[in-house]
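# Structural overview
This is what each chain is made of:
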Amino acid sequence: MAYALQDSDYYIHQWLKECSRSEHTSDAYRRDVKDFLAACGVSFETATVGDLNRYKIDLAKYSLATRLRKIVALRSFYDYLNGLEITDLNLSRFKAPRMRRQVNPSKLLTPAEVLAIIEAAKPDGEAYLFARLLYTTGARVSEAVGLRWRDLTPLDAAGEVILHGKGDKWRQVPVSSMLWDDLVEHRGISADADAIFQTIPDRHVAARLVARLARAARIDKTVTPHSLRHACASHLLERGANVAAVRDQLGHSSLSTTNLYAHVSPGCKLADLLEVR
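It should be emphasised that the depicted structure is a prediction, and the values quoted were computed from it without experimental measurement. (Residues numbered from 1 in each chain as written. Predicted model: local features only at pLDDT ≥ 70, side-chain atom pairs only at ≥ 80, totals over all residues. Heavy atoms only, no water.)

## Quick word on the pattern of salt bridges
When the charged atoms of two side chains with opposite charge come close together, those side chains can pair. One pass over the structure, following the stated rule, counts 12 salt bridges. Taking the shortest distance from any N to any O, the salt bridge between K70 and D35 comes out at 3.6 Å. Of this pair, K70 sits in helix α4 (residues 64-83) while D35 sits in helix α2 (residues 23-40), placing them 35 residues apart in sequence. Taking relative accessible area as the criterion, K70 reaches 4% and is therefore assigned buried. Among the salt bridges present, the one from R54 reaches D51, with a minimum N-O distance of 2.9 Å. Here R54 pairs with D51, and both are found in helix α3 (residues 49-58), just three residues apart, close to one helical turn. (Salt bridge = Lys/Arg side-chain N within 4 Å of Asp/Glu carboxyl O. Helix = DSSP H or I, 4+ residues; strand = E, 2+ residues; numbered from the N terminus. Buried < 20%, exposed > 50% of the residue type's maximum accessible area, 1.4 Å probe, protein only.)

See below:
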């Protein structure tokens with residue numbers, strides 16, 4: 001059966017719905033599949049394992065992480081099509097390269113550098129709260145910019161925040177008493193459905209903000225919102241936090257991911273371990 005070009009868009013859309021990936025990852029996967037089809041000059045249902053492996057050779061110009069993502073996307077897409085009996089590819093012959101994950105200690109922010117970034121944010125009240133929340137909770141930038149006031153819940157003398165993460169998963173993360181008090185003061189008369197960070201609506205604005213704060217703090221590193229998440233994990237473990245507790249706070253899928261930070265930093269409650277103001 002021959003499929004029209006628009007059919008590939010339909011099946012890519014249906015596949016991504018089943019994947020339950022973040023919007024950012026879904027956009028990347030969609031591009032990956034379309035790039036493969038364009039590069040090979042084949043329709044999606046007539047591609048062979050030979051086409052996939054020839055394309056893999058052409059990916060040498062990309063970083064290992066990008067190559068891995070592209071191959072994972074293609075394997076997932078064709079596994080989906082195999083399940084629908086549109087294709088019948090032996091995907092065991094199309095494997096992703098092995099990737100040894102590691103964290104470069106020189107790229108991690110030190111506690112002093114994090115404090116300098118937060119200090120640089122002080123003139124802008126919302127930026128100040130945003131930087132502190134990223135660092136002390138370890139939230140992903142997509143989780144932080146999507147927060148609504150209804151996601152905050154009082155707990156003892158402070159509170160907790162509900163972070164909506166990858167794959168429609170959510171987790172409750174404690175917020176320190178000082179940050180909680182400042183958030184409550186910042187709320188004013190905002191409704192439950194209102195965004196907490198009105199001036200930081202998406203990850204692009206957040207990335208520009210954090211980069212600007214890093215420059216103001218005179219930090220000679222590439223600093224992104226994710227840098228503060230990395231710093232959160234590293235500094236918690238450095239200060240004696242339980243690895244499993246850090247895994248749960250950051251929403252890592254396994255302890256092995258969290259353990260990447262356990263040995264790269266130079267030698268109570270999680271919310272209190274990173275209290276900054």
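## Focus: the confidence of the model for the protein
Here the protein shows a mean pLDDT of 84. Residues at 70 or above account for 85%. By mean pLDDT, the top-scoring element of the protein is helix α9 (residues 203-216) (96), and the lowest-scoring one is helix α13 (residues 270-273) (49). (pLDDT = per-residue confidence, 0-100.)

## Structural notes on the sheet that holds strand β2 (residues 158-164)
Pairing between the strands of a sheet comes from backbone hydrogen bonds, and it takes one of two forms, parallel or antiparallel. Pairing is antiparallel across the open sheet formed by three strands, whose spatial order is β1-β2-β3. With partners counted over all chains shown, the strands left at the sheet margins are β1 (152-155) and β3 (170-175), one partner each. Strand-to-strand twist of the sheet, defined as the mean angle between neighbouring strand axes without regard to direction, takes the value 30 degrees. Looking at chain direction, β2 and β3 are connected through six bridges and run antiparallel. Within β3, the position partnered with E160 by the bridge is P174. (Pairing = 2+ DSSP bridges. Axes fitted to C-alpha atoms, helices over the stretch in contact; angles between N-to-C directions.)

## So, the side chain of E113
Secondary-structure assignment places E113 in helix α5 (residues 111-121). E113 has contacts with L108, I219 and K221, leaving out every residue within four places of it along the chain. (Contact = heavy atoms within 4.5 Å.)

## Some remarks on the nonpolar core
Soluble globular proteins: nonpolar side chains tend toward being buried together. L109, F130, L133, L183 and F197 are the most contacted members of the largest nonpolar core, which has 48 residues in total. The leading source of residues in this core is helix α6 (residues 125-137), at eight residues. Once residues lying within four places of it in the same chain are set aside, the contact partners of L109 are V114, I117, I219, K221, V223, S227, L228, A231 and H235. Core analysis: the second largest hydrophobic core is formed by 25 residues, Y29, F36, L59 and L89 among them. (Core = buried A, V, L, I, M, F, W, Y, C linked by side-chain atoms within 4.5 Å.)

## Re the packing of α5 against α6
With their axes 7 Å apart at the nearest point, α5 and α6 run at an angle of 155 degrees to one another. One finds that α5 runs roughly antiparallel with respect to α6. The way α5 lies across α6 gives a crossing that is left-handed. Across from V114, I118 and A121 in α5, the residues of α6 making contact are A127, Y128, A131, R132 and Y135. The residue inventory of the contact of α5 with α6, partitioned by class, reads seven nonpolar, no polar and one charged. (Parallel < 35°, antiparallel > 145°, perpendicular 65-115°, else oblique. Left-handed = near helix turned anticlockwise from the far one by under 90°. Nonpolar A, V, L, I, M, F, W, Y, C, P; charged D, E, K, R; others polar.)

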